[in-house]
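Chain and residue survey
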There are 2 protein chains.
Amino acid sequence: MRWVNHGETVRYDSAWVRLLTADIELPDGRRFDHHLIRMPMPAAGVVVLDPDRGVLMLWRHRFISDTWGWEIPAGRIEAGETAEEGARREVLEETGWEPGALTALTSYHPSAGISDQTFHLFVAAGAVEVGPPADWFESERVEWIPVARVREVIRAGQIGDGLSLTALLWCLAFDEI
Amino acid sequence: MRWVNHGETVRYDSAWVRLLTADIELPDGRRFDHHLIRMPMPAAGVVVLDPDRGVLMLWRHRFISDTWGWEIPAGRIEAGETAEEGARREVLEETGWEPGALTALTSYHPSAGISDQTFHLFVAAGAVEVGPPADWFESERVEWIPVARVREVIRAGQIGDGLSLTALLWCLAFDEI
């Protein structure tokens with residue numbers, strides 16, 4: 001059943017993120033302010049798969065959670081880009097590899113209870129090395145990780161980045177890798 | 001490599017969500033304000049699996065994205081609860097079924113580029129029906145969905161809730177279901 005939204009109030013606004021409260025009435029009559037976050041810029045990520053090398057990944061630090069982990073190339077889709085164009089650009093900028101043909105896997109809301117942020121996931125058929133990554137500061141190193149190792153790393157709980165985890169699990173679940 | 005965080009400024013604060021900007025310096029010397037969201041209360045979700053019935057799921061509307069979809073029972077962990085205790089409580093409150101033994105699958109940050117929000121995922125060995133769900137207003141209906149159908153629904157892109165999608169993909173990838 002739907003909750004009645006009697007209106008939203010912007011508490012903080014920026015081009016990147018908007019925080020609001022919604023005046024929500026539950027079907028049982030209770031009424032309260034519910035926080036929500038609107039993020040106008042969706043993100044896209046790519047599982048770049050090479051039959052011999054494995055999956056193209058970045059070893060990077062996230063300052064917000066102060067954690068290190070393996071991630072797939074991903075980032076915000078810029079104005080005027082399609083999700084696929086943004087995904088291709090991020091792979092090249094973050095890894096220095098030009099991905100092959102992209103196939104869309106799915107799109108979803110990573111934190112649907114609080115935010116409308118949207119992630120678009122793709123798989124790419126291999127990649128060709130172009131040069132050092134333009135966004136070299138995004139990661140400590142870029143490596144091809146064998147699929148068997150990717151499975152181990154996920155299972156060990158060592159991929160804490162949700163976009164990467166969800167995209168790789170999709171590929172494992174549906175035999176994309 | 002690490003980005004230098006020269007300090008954070010709180011832009012909006014509440015018990016549920018805190019929005020800040022961090023004064024970030026990149027390794028290439030560029031310096032800018034980076035938005036981040038801190039959410040002190042992690043959430044937990046459970047894939048309740050019955051060998052005959054399938055997976056216990058809720059058909060619910062999300063007002064933030066104005067979307068309907070199948071989700072697993074999940075919610076915020078309350079103060080004083082362990083992740084497992086919160087997960088068990090949410091299953092019972094949202095479905096009216098008491099889950100069997102829980103096994104931890106993994107924990108992750110659903111949106112690591114902007115938020116420190118943490119999700120804890122579990123699988124439960126079946127469930128016993130106790131009565132109507134206390135939180136009946138959380139969903140339109142509660143149903144056991146056969147695993148084959150769960151695979152179809154995910155593949156069709158009809159599970160847009162990230163926590164549910166990631167938990168179910170984990171189970172499919174690692175043959176939990």
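Residues numbered from 1 in each chain as written. Chains lettered and ligands numbered in written order. Predicted model: local features only at pLDDT ≥ 70, side-chain atom pairs only at ≥ 80, totals over all residues. Heavy atoms only, no water.

Thoughts on the sheet that holds strand β1 (residues 4–12) of chain B
Residues and elements named next belong to chain B. If you walk across this open sheet you meet the three strands as β1-β2-β3, and the pairing is antiparallel. Edge positions in the sheet fall to β1 and β3 (31–38), since each has one partner strand and no second. Going across the sheet, the axis of each strand differs from the next one's by a mean of 25°, ignoring polarity. Where β1 and strand β2 (residues 18–25) come together, six bridges link them in antiparallel fashion. Among the inter-strand pairings, Thr9 is bridged to a residue of β2, identified as Thr21. (Pairing = 2+ DSSP bridges. Helix = DSSP H or I, 4+ residues; strand = E, 2+ residues; numbered from the N terminus. Axes fitted to C-alpha atoms, helices over the stretch in contact; angles between N-to-C directions.)

Overview of the packing of aromatic side chains
Summed over all chains, the structure comprises 14 aromatic pairs over all chains. With a centroid separation of 5.8 Å and 80° between ring planes, the pair formed by Trp136 of chain B and Phe137 of chain B is classed as edge-to-face. Since its relative accessible area comes to 39%, Trp136 of chain B is described here as partly exposed. A relative accessible area of 6% places Phe137 of chain B in the buried class. Feature note: the residues Trp59, Trp68 and Trp70 of chain A constitute an aromatic cluster, connected by ring pairs. Cation over ring: Arg53 of chain A sits above Trp144 of chain A, and NZ or CZ is 5.4 Å from the ring centre. (Phe/Tyr/Trp six-rings, centres within 6.5 Å; stacked < 30°, edge-to-face > 60°. Buried < 20%, exposed > 50% of the residue type's maximum accessible area, 1.4 Å probe, protein only. Lys NZ or Arg CZ within 6 Å of the ring centre and 35° of its normal.)

Quick word on the environment of Glu90 of chain A
Residues and elements named next belong to chain A. If you trace the backbone, Glu90 turns up in helix α1 (residues 83–95). Between the C-alpha atoms of Glu90 and Gly45, which are 45 residues apart in sequence, the distance is 7.8 Å. Those residues within four positions of Glu90 in sequence are excluded, and the remaining contacts are Pro73, Ala74, Gly75, Arg76 and Thr95. (Contact = heavy atoms within 4.5 Å.)

Structural notes on the relation of the copies chain A and chain B
Between the two copies of this chain, the relationship is a rotation about some axis together with a displacement along it. Overlaying chain A with chain B gives an RMSD of 0.0 Å, the required rotation being 180° about an axis along which the chain moves by 0.0 Å. The superposition of one copy onto the other is thereby described by a two-fold rotation axis. Distance from the rotation axis, computed per C-alpha, reaches its smallest value in chain A at Ala173 of chain A: 2.0 Å. In this assembly the copies share their binding face: 100% of the residues contributing to the interface of chain A also contribute to that of chain B. (Least-squares fit on C-alpha atoms with pLDDT ≥ 70 in both.)

Examining the sheet that holds strand β3 (residues 31–38) of chain A
Paired through backbone hydrogen bonds, the strands of a sheet run either parallel or antiparallel to each other. Residue and element names in this part refer to chain A. Strand order in the open sheet made by the three strands is β1-β2-β3, with antiparallel pairing throughout. Each end of this open sheet is capped by a strand with a single partner; those strands are β1 (4–12) and β3. Each neighbouring strand pair of the sheet contributes to a mean axis angle of 25°, computed without reference to strand direction.

Quick word on the pattern of salt bridges
Residue and element names in this part refer to chain A. Applying the stated criterion to the full structure yields 32 salt bridges over all chains. Two residues, Arg149 and Glu152, come together in a salt bridge whose shortest N-O distance is 3.4 Å. Here Arg149 and its partner Glu152 are both found in helix α2 (residues 147–155), three residues apart, which amounts to about one turn of the helix. Look at Arg149 and you get partly exposed, because its relative accessible area is 40%. (Salt bridge = Lys/Arg side-chain N within 4 Å of Asp/Glu carboxyl O.)

Brief notes about empty space enclosed by the protein
For the structure on display, the rule yields four cavities of 30 Å³ or more. Of the voids in this model, the largest cavity is the one considered here, and its volume is about 80 Å³. Lining the largest cavity are 13 residues, and of these Ser111 and Ser115 of chain A together with Ser111, Ser115 and Gln117 of chain B sit closest to its centre. Roughly 50 Å³ of internal volume is contained in the second largest cavity. Surrounding the second largest cavity, Trp3, His34, Ala112 and Gly113 of chain A together with Arg60, His61, Arg62, Phe63 and Ile64 of chain B form its lining. (1 Å grid on protein atoms, 1.4 Å probe; cavity = no way out; pocket = protein on both sides within 12 Å on 5 of 7 lines; lining within 4 Å. Points joined across faces, edges and corners; volume = space filled by probe spheres on them.)

With respect to the pairing of β2 of chain B
Residue and element names in this part refer to chain B. Counted between consecutive antiparallel strands, the loop separating β1 from β2 contains five residues. With eight bridges joining them, β2 and β3 adopt antiparallel strand pairing. Paired with Thr21 across the two strands is His35, which belongs to β3. Connecting β2 to the next strand, β3, in antiparallel fashion are five residues, including Gly29 with a positive phi near 95°.

Concerning α1 of chain A
With 13 residues, α1 of chain A extends 18 Å from end C-alpha to end C-alpha; this agrees with the ideal 18 Å at 1.5 Å per step. One or two positions beyond α1 of chain A, positive phi appears at Gly96 of chain A, with a value near 80°. (Expected span 1.5 Å × (residues − 1).)

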